[in-house]
Amino acid sequence: MGIMHLLTKSYTAADAAAQRDDWGTWNMDNPYLQQGRYHILLKKLKSLENTIASLPKDAQSYGLIHNHFHPYNFHINNDDITVFDFDDSIYGWFALDIAIAATHAVWWGAPAGDRKSKNEFAKRFLDEFLTGYFKNNDLDTYWVRQIPMFMDYRNICSYFWWLHSWDGDESRLSAFQQTAITQAIHLIQSGQRFDGCDIQL
């Protein structure tokens, strides 16, 4: 990822018509996700989007990013990593790309679902990830500190992505989905981080 971000700093699309979109706010057109307890999730999403939209953009922090970097989108052969699935690529913040990788890593890599395990795993993952990243690309400390906020954003976006075509019938939600939504709403209402991690960078 550090290599990709370094390269994008000097990249210009050869065909302006084929240039990827910039980061934008979520278009929530499912009416069932705009009412009842789901409105709490939507309100949190909009709050995060407002914060993100106010962030500065410059060539050292913002460029073409993968936007979907997780273990199912790269292969490792010996010491070589091949990244694929660039369908979701956009122009966005490098810290967002890092946060997406960290968020997926915590989902699948944390040894347990409790906050302590998630915190410890997220911290260890980001320490290792950023050590490699900084060998290839620089990122100001200000942006490193935004990673937990971007992780929060990725988590809540994922909830809405999973439910984007939901018909409003809660009996159709799996037990996992119902539990996840209830826990997410509890975290938001209690003022805790949405993703269950309290890491400080």
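Anything mentioned here points back to the structure above.
Residues numbered from 1 in each chain as written. Predicted model: local features only at pLDDT ≥ 70, side-chain atom pairs only at ≥ 80, totals over all residues. Heavy atoms only, no water.

(A) Representation of the overall build of the protein chain within the structure. Within the protein chain, the regular secondary structure consists of seven helices and four strands. Sequence-ordered secondary structure for the protein chain, helices as α and strands as β, is α-α-β-β-β-β-α-α-α-α-α. Here the protein chain has a C-alpha radius of gyration of 17 Å; the compact-globule value for 201 residues is 17 Å, and the two agree. Judged by the C-alpha coordinates and their principal axes, the protein chain covers about 50 × 40 × 35 Å. Sorting the 201 residues of the protein chain into buried and exposed places 44% on the buried side. Entry remark: accessible area of the protein chain is about 11200 Å², with carbon and sulfur atoms responsible for 51%. (Helix = DSSP H or I, 4+ residues; strand = E, 2+ residues; numbered from the N terminus. Rg over C-alpha atoms; globule rule 2.2 N^0.38 Å. Buried < 20%, exposed > 50% of the residue type's maximum accessible area, 1.4 Å probe, protein only. Areas by Shrake-Rupley, 256 points an atom, 1.4 Å probe, with all protein chains shown as cover.)

(B) Spatial organisation of the nonpolar core. Counting residues in hydrophobic clusters, the biggest one holds 55 residues, and the most contacted among them are L41, W93, I98, I147 and F150. Elements supplying a minimum of two residues to this core: α2 (38-53), β1 (62-65), β4 (90-93), α3 (94-109), α4 (115-133), α5 (141-144), α6 (147-162) and α7 (175-189). When residues in this core are grouped by element, the largest group, 10 residues, is from α3. (Core = buried A, V, L, I, M, F, W, Y, C linked by side-chain atoms within 4.5 Å.)

(C) Highlighting the packing of aromatic side chains. Applying the stated criterion across every chain, the model contains 15 aromatic pairs. Relative to W93, the ring of Y62 lies with its centre 5.0 Å away and its plane at 80°, an arrangement referred to as edge-to-face. Of this pair, Y62 sits in strand β1 while W93 sits in strand β4, and the two are 31 residues apart along the sequence. In terms of burial, Y62 and W93 fall into one category: buried. (Phe/Tyr/Trp six-rings, centres within 6.5 Å; stacked < 30°, edge-to-face > 60°.)

(D) Representation of α3. Counted at 1.5 Å a residue, the expected span for α3 with its 16 residues is 22 Å, and the 22 Å between its end C-alpha atoms agrees. Taken across its 16 residues, α3 has 13 buried, putting it largely inside the fold. (Expected span 1.5 Å × (residues − 1).)

(E) Representation of the packing of α3 against α4 in the model. At a minimum axis distance of 10 Å, the contact between α3 and α4 shows a crossing angle of 135°. Taken together, the axes of α3 and α4 are oblique relative to one another. Considering only the axes of α3 and α4, their crossing is right-handed. In contact with F94, I98, A101, A102, A105, V106 and G109 of α3, α4 contributes K118, F121, A122, F125, L126, F129, L130 and Y133. Among the residues forming the contact of α3 with α4, the class breakdown is 13 nonpolar, one polar and one charged. (Axes fitted to C-alpha atoms, helices over the stretch in contact; angles between N-to-C directions. Parallel < 35°, antiparallel > 145°, perpendicular 65-115°, else oblique. Left-handed = near helix turned anticlockwise from the far one by under 90°. Contact = heavy atoms within 4.5 Å. Nonpolar A, V, L, I, M, F, W, Y, C, P; charged D, E, K, R; others polar.)

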